[in-house]
Amino acid sequence: MNIPTPRRGRTSRAALTTVGLAAVLALATGCGGSTTAGTGGSPSGTRAASTGQSAGAVLPVTDNPIANTSTTQSLTIDSVLVENNEDPSGKAVDDHLEIAVTNTGTTELSGFEVYYTITDPKTSDTESYYSQLPADFVIAGGDNRVIHFDNTGAAGHFPVNQYSLYYTDPNALDLTVEVSAADSAPQTATVAKDAGGAEEAD
């Protein structure tokens, strides 16, 4: 498989808007991204893939294992970023899936799971990934955290498949993200990444 050469570009975070339970999240490759968030539920008509969370290969799965039926609205997805990421100091870092979440309740949230689907609308190729975050990934009431999917190994950063559509497909992509925490309703969001393949930090 030929892996396209990464390129540089610019992206933007778009405001999140509420969507229904069947919300589908779009991820595209390249410059400029937009996001849409809302209450969760699994996207339909997609093929899933599971992320080997702790170690080993991150491989596709065929079903969404999130089975959270809570209706308590304590978890929100604030934004989803897929390109031109920055570290806390504002320095550019390699493109990756980055999900900012907030606990709007008063009770600590734990038991986090993330499921996301990448689709190429041009070819109809689809991959999905699932990750059960470690038990120490918790968010206190009123606090927020950022979930990163890359292979840096840093705190709050989780493994990815470096051969996934996100990194190898030069076409525009759609990505649907679902985040779940125990005792809180799952939330979904969408982001678009333009054509061109993953970018590198300047």
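Residues numbered from 1 in each chain as written. Predicted model: local features only at pLDDT ≥ 70, side-chain atom pairs only at ≥ 80, totals over all residues. Heavy atoms only, no water.

**Details of the confidence of the model for the chain**
Across the chain, the average pLDDT comes to 78, with 69% of residues at or above 70. Across residues 1-36 the pLDDT falls below 50, and counting only partners more than four positions away or on other chains, this stretch makes 143 contacts in the model. (pLDDT = per-residue confidence, 0-100. Contact = heavy atoms within 4.5 Å.)

**Considerations on the pattern of salt bridges**
One pass over the structure, following the stated rule, counts 2 salt bridges. Salt-bridge contacts for Glu83 lead to Lys193; the nearest nitrogen and oxygen are separated by 3.5 Å. Of this pair, Glu83 sits in the loop between strand S2 (75-81) and strand S3 (97-103) while Lys193 sits in strand S9 (residues 184-193), placing them 110 residues apart in sequence. For the pair formed by Glu83 and Lys193, the shared burial category is buried. For Lys193, the salt bridge is made with Asp95, and the minimal N-O distance between the two is 3.9 Å. Of this pair, Lys193 sits in strand S9 while Asp95 sits in the loop between S2 and S3; the two residues are 98 residues apart in sequence, bridging distant segments of the chain. Note on Lys193: relative accessible area 0%, which makes it buried. Through salt bridges with shared partners, a single ionic network connects Glu83, Asp95 and Lys193. (Salt bridge = Lys/Arg side-chain N within 4 Å of Asp/Glu carboxyl O. Helix = DSSP H or I, 4+ residues; strand = E, 2+ residues; numbered from the N terminus. Buried < 20%, exposed > 50% of the residue type's maximum accessible area, 1.4 Å probe, protein only.)

**Thoughts on unusual backbone geometry**
Of note, Ser124 is a non-glycine position whose phi angle comes to about 70°, a positive value. Tracing the backbone shows Ser124 in the loop between strand S4 (113-119) and strand S5 (126-132). Positioned with a positive phi, Asp183 is a non-glycine residue whose angle comes to about 65°. Residue placement: Asp183 occurs in the loop between strand S8 (173-181) and S9. We classify Asp183 as exposed; its relative accessible area is 64%.

**Topic: the pairing of S3**
With 7 of its 7 residues buried, S3 lies for the most part within the structure. Of the two faces of S3, both are covered, the one formed by Leu97, Ile99, Val101 and Asn103 as well as the one formed by Glu98, Ala100 and Thr102. Bridge count for S2 against S3 is 6 bridges, and the pairing is antiparallel. In the sheet register, Leu75 faces S3, and the bridge partner there is Asn103. Relative to strand S6 (residues 144-149), S3 is paired through 6 bridges, and the arrangement is antiparallel. Bridging across to S6, Glu98 finds its partner in His148. (Pairing = 2+ DSSP bridges.)

**Let's talk about the sheet that holds S6**
One open sheet holds the 4 strands; their spatial order is S2-S3-S6-S7, and the pairing between them is mixed. Whereas interior strands pair on both sides, the edge strands pair on one side only; in this sheet they are S2 and strand S7 (157-158). By the bridge criterion, 2 bridges tie S6 to S7 in an arrangement that is parallel. Paired with His148 across the two strands is His157, which belongs to S7.

**Here's the deal with the side chain of Ser164**
Its place among the elements puts Ser164 in the loop between S7 and helix H1 (165-168). If sequence neighbours within four positions are ignored, Ser164 has contacts with Ile118, Glu127 and Tyr129.

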